[in-house]
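Reading the structure
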2 protein chains.
Amino acid sequence: MIVEKKFKKLSKPFITERGYVLKELIVSYEEYGRDDGPVIFIAHGGLSDQHAAGKYSEEELLQGWWDGLIGEGKAIDTNKYRIISASSLGSACACLGIEGGTTSPLTLNPHTNKNYGPDFPEITLIDMVKVFKSFLDDMGIEKLFMMAGPSMGSLQSLQMAALYPDFVDSVVAVATAGRMTPGGMAMHNFITETAKSDPEFNGGWYEIGKPKWALRIIHQISKIYYTSHHGIKEICWDTVPEGKDSQSLRNANCKNYVTGNIDAQIYGRDLNCYIRVIDAINTYDLGRDDNSYEEGVKRIKCPVLLMNINTDSEFPPEYAFEVADILNSKKPNSARARVIKSNWGHLGCLREVTALDKEIREFIKEIN
Amino acid sequence: MIVEKKFKKLSKPFITERGYVLKELIVSYEEYGRDDGPVIFIAHGGLSDQHAAGKYSEEELLQGWWDGLIGEGKAIDTNKYRIISASSLGSACACLGIEGGTTSPLTLNPHTNKNYGPDFPEITLIDMVKVFKSFLDDMGIEKLFMMAGPSMGSLQSLQMAALYPDFVDSVVAVATAGRMTPGGMAMHNFITETAKSDPEFNGGWYEIGKPKWALRIIHQISKIYYTSHHGIKEICWDTVPEGKDSQSLRNANCKNYVTGNIDAQIYGRDLNCYIRVIDAINTYDLGRDDNSYEEGVKRIKCPVLLMNINTDSEFPPEYAFEVADILNSKKPNSARARVIKSNWGHLGCLREVTALDKEIREFIKEIN
């Protein structure tokens, strides 16, 4: 499936929750499937971007990150649905190089004629969701058949359903919670602290593309924290037969797993973007503006499928069950929580295509 | 208990496995308990040092890291045993400032009159154990009633019992395995890569005490990787009552947990030492010089107590059971594997004093 990068300028300026006016707001996105029909909106993970499926050209080696789920005859079926995937406010879009993407610290600031950089406002997860809503309004979309995504995308999906309960008809949330979790908060603070401590950070006024030290650290540790020792064993250990030098070979595999090819992986990533996006994720709390957390969760009216990975340190299964229990106490059987077994920890939300596919298909059958 | 730092110069030069001659080798250590009686030798964790119990002076705020287990009437009873704790070859001894400690990259190189720095040889875990053996020989100790330790100390204890089966009468190994684990190998490679990428690393020829970035990164991520999201929840989350700003307060707690007071924590630590010690841990493999891993493990003749923490990503329980099963297949009931339940992941090996105490007492009763 060949897909096209698209851009839409919002019809109105956007005012963040903390009162900053973004005069011109561009959203970058791509579409898969039908031009008409029920709309499924896909939201991406924190360090990711809109490129959820297909390839931009035949020459590209890799598909989008949920290509196993989105396509002809797949669980998110391009034969049946109009599927849109957009990049979040504040995100660096590695897929687009440093010139493209939704408005972010990389975007030109019309007031100063240089990129926003650290002048880009602090944003909340609700800001990201409101930008998506404005974008979808401008696209003429009156209802979402479904909003779906992994990790940050799952939080945005639940938040959208809570903020606009008549707009969202169903949610699929993978690696998720109703508010940011302790493990996630701690890791996010490590990431932003590391980003700011890059020797070339210069208060955020670095030459774009230049700081690499912190990006390397962040992407290397992500391969440990956002996976699981089971997954590391699978690819670094079990692939080496028992023998005289097995431990040395395993160590070499582990070193290569963590540190290999790192500069290719950090290409197009940006520290200011990471700081803004990750701080935004840490604001996530469905109950923030209500009298209690539970009251906030209960704003969601639609059916919800929540799937967490058994080995995930950031979103362990209990957080999916917590949200499901609250929703079901209000409307029985409206929410389903599932545990996806994976060696891959948090990254199971991308890798465990077979299990996710099966659950999504069953969910769609039930809600139709 | 007030304890004294001591130093012993080994009677002979030490030759590493890779053929480097350390002409003068000093071991720093401390002693607790009796001057006579059965000897218990304590070995420390990878980023730690000899200061296992007591205080150097009344003014000190903190006790040694296993003070809950070592003392009058405690599981490792100073009324009954002569207890020695020594710093490993290659370790930086934060407790001693940068002037003290066992021979390491910080020590003066007699050939060059500056500190060894990156000229300090690459060492193996077996090198560390052989240095301990030479030290104990020079101390006139003919047998160990027990060797015990957490993490790297547990690996050294098992390695000592395998290398010198007639020298060690029992082992207590906490947070352990028979060879380095996949999760541990990956994390260690992250740590050493981070250390070498410190902007002031300069090939290891930095001004001692000056590089801080990498040390900060390492110590911050250790608070996430070497603990568990359960522990983070316990101190950052559950301490905040539900309410309007609970998530903001929790986020502030998480940030403080990860990043707070970090310069005090890295004081006296050294990147070259970390690199040498951590690379040494990654060489650990009881089966290295045998026809199989199992054969190597079976060199151990004495009773062994292995205790792993249920939430430990580096040494999950299965690695304790693996060693116990191999030993028991040779000599039934010679090895006991226990799972210690903890919210604290790997750091449970220091924190779960009550559970560790109980198991060690029972073990000592059985072997006496």
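Residues numbered from 1 in each chain as written. Chains lettered and ligands numbered in written order. Predicted model: local features only at pLDDT ≥ 70, side-chain atom pairs only at ≥ 80, totals over all residues. Heavy atoms only, no water.

Bringing the overall build of chain A into the picture now. Helices and strands together make up the secondary structure of chain A, namely 12 helices and 12 strands. Relative to its length of 368 residues, chain A is compact, with a C-alpha radius of gyration of 20 Å against a globular reference of 21 Å. In chain A, buried positions account for 61% of the 368 residues. Residue pairs at least 24 apart in sequence account for 73% of intrachain contacts in chain A once pairs closer than 6 positions are excluded. Carbon and sulfur atoms make up 48% of the accessible area of chain A, which totals about 14,000 Å². Computed over 41 positive and 49 negative side-chain charges, the separation of the two mean positions in chain A equals 1 Å. (Helix = DSSP H or I, 4+ residues; strand = E, 2+ residues; numbered from the N terminus. Rg over C-alpha atoms; globule rule 2.2 N^0.38 Å. Buried < 20%, exposed > 50% of the residue type's maximum accessible area, 1.4 Å probe, protein only. Contact = heavy atoms within 4.5 Å. Areas by Shrake-Rupley, 256 points an atom, 1.4 Å probe, with all protein chains shown as cover. Lys, Arg positive; Asp, Glu negative; His and termini not counted. Charge placed at Lys NZ, Arg CZ, Asp CG, Glu CD.)

Comparison of the two chain copies shows a relationship of rotation about an axis with a shift along it. Superposition record for chain A on chain B: RMSD 0.0 Å, screw rotation 180 degrees, translation along axis 0.0 Å. Expressed as a symmetry operation, the mapping of one chain copy onto the other fits a two-fold axis. Mapped onto chain B, 100% of the interface residues of chain A again fall at the interface, so both copies present the same surface. (Least-squares fit on C-alpha atoms with pLDDT ≥ 70 in both.)

Accessible area lost when the parts come together is the quantity often used to give the size of an interface. Each side of the interface is counted separately: chain A has 45 residues, and chain B has 47 residues. Contact between chain A and chain B buries roughly 3,900 Å² in total, counting both sides, with carbon and sulfur atoms accounting for 64%. Contact with chain B buries surface across chain A, with Trp 213, His 229 and Gln 247 of chain A losing the most and accounting together for 15% of the total. If you look at where chain A meets chain B, you find two salt bridges. In this structure, the connection of chain A to chain B is made through 12 residue pairs in polar contact (both at pLDDT 80 or more). Those elements that place two or more of their residues in the side of chain A that touches chain B are α3 (182-196), α4 (213-225), α5 (229-237), α6 (246-259) and α10 (318-330) of chain A. Each residue belonging to the side of chain A that touches chain B can be placed in one class, and the counts come to 20 nonpolar, 13 polar and 12 charged. (Buried area = accessible area lost by both parts, 1.4 Å probe. Salt bridge = Lys/Arg side-chain N within 4 Å of Asp/Glu carboxyl O. Polar contact = N/O pair within 3.5 Å; in protein donor to acceptor, adjacent residues only side chain to side chain. Nonpolar A, V, L, I, M, F, W, Y, C, P; charged D, E, K, R; others polar.)

Moving on: the sheet that holds strand β4 (residues 26-33) of chain A. Residues and elements named next belong to chain A. What the eight strands build is an open sheet, ordered β1-β4-β8-β5-β9-β10-β11-β12; its pairing is mixed. Across the chains shown, the open sheet's two edge strands, defined by having one partner strand only, are β1 (6-9) and β12 (335-340). Across the sheet, the mean angle separating the axes of adjacent strands is 20 degrees when strand polarity is ignored. With four bridges connecting them, strand β9 (residues 146-150) and strand β10 (residues 171-174) associate as parallel partners. Bridge pairing in β10 links Ala 148 to Val 172. Those strands touched by helix α12 (residues 353-367) are β9, β10, β11 (304-309) and β12, and its axis lies near 165 degrees from that of β11. (Pairing = 2+ DSSP bridges. Axes fitted to C-alpha atoms, helices over the stretch in contact; angles between N-to-C directions.)

Residue and element names in this part refer to chain B. Within the secondary structure layout, Thr 227 lies in the loop between α4 (213-225) and α5 (229-237). With relative accessibility at 2%, the residue Thr 227 sits in the buried group. For Thr 227, the side chain forms a polar contact with the main-chain oxygen of Ile 224, separated by 3.3 Å. The residues touching Thr 227, leaving out its near neighbours within four places in the chain, are Ser 222, Ile 232, Tyr 257, Thr 311, Trp 344, Gly 345, His 346 and Leu 347.

The next subject is the packing of aromatic side chains. Each aromatic ring pair is characterised by the separation of its centres together with the angle its planes make. Residues and elements named next belong to chain A. Taken as a whole and judged by the stated rule, the model has 16 aromatic pairs over all chains. With a centroid separation of 5.1 Å and 15 degrees between ring planes, the pair formed by Tyr 81 and Phe 145 is classed as stacked. Note that Tyr 81 is positioned in the loop between β7 (76-77) and β8 (82-86) and Phe 145 in the loop between α1 (125-138) and β9, a separation of 64 residues in sequence. The class for Phe 145 is buried, based on a relative accessible area of 14%. Taken together, the aromatic side chains of Tyr 29, Phe 41, Phe 132 and Phe 135 make up a single cluster linked through ring pairs. (Phe/Tyr/Trp six-rings, centres within 6.5 Å; stacked < 30°, edge-to-face > 60°.)

Our next topic: helix α10 (residues 318-330) of chain B. Residues and elements named next belong to chain B. For α10, which comprises 13 residues, the first-to-last C-alpha distance of 19 Å matches the rise-based estimate of 18 Å (1.5 Å per residue) to within 8%. Taken together, the buried positions of α10 are Tyr 319, Ala 320, Val 323, Ala 324, Ile 326 and Leu 327. Projected down its long axis, α10 shows its buried positions confined to an angular sector of 160 degrees, all on one face. Seen from the buried face of α10, the exposed residues on the opposite side, beyond 90 degrees, are Asp 325 and Ser 329. (Expected span 1.5 Å × (residues − 1). Arc of directions from axis to C-beta.)

Residue and element names in this part refer to chain A. At a minimum axis distance of 9 Å, the contact between α3 and helix α8 (residues 271-281) shows a crossing angle of 155 degrees. Taken together, the axis directions place α3 and α8 in an arrangement best described as roughly antiparallel. As for how α3 packs across α8, the hand of that crossing is left-handed. Across from His 188, Ile 191, Thr 192, Ala 195 and Lys 196 in α3, the residues of α8 making contact are Leu 271, Ile 275, Ile 278, Asp 279 and Ile 281. Among the residues forming the contact of α3 with α8, the class breakdown is six nonpolar, two polar and two charged. (Parallel < 35°, antiparallel > 145°, perpendicular 65-115°, else oblique. Left-handed = near helix turned anticlockwise from the far one by under 90°.)

It is worth spelling out the domain arrangement of chain A at this point. All names here are of chain A. The assigned domain composition of chain A is domain 1 (6-180 + 284-367) and domain 2 (186-273). For the pairing of domain 1 and domain 2, the buried interface totals around 2,100 Å² over both sides, and the portion due to carbon and sulfur atoms is 66%. Summed over the three residues of domain 1 that lose the most area to domain 2, namely Leu 47, Asn 343 and Trp 344, the buried surface amounts to 29% of that side. Summed over the shared surface of domain 1 and domain 2, the result is zero salt bridges. Linking domain 1 to domain 2 there are seven residue pairs in polar contact (both at pLDDT 80 or more). Along the lines of polarity and charge, the residues of the side of domain 1 that touches domain 2 split into 11 nonpolar, 11 polar and three charged. (Domains from an automatic or database assignment.)

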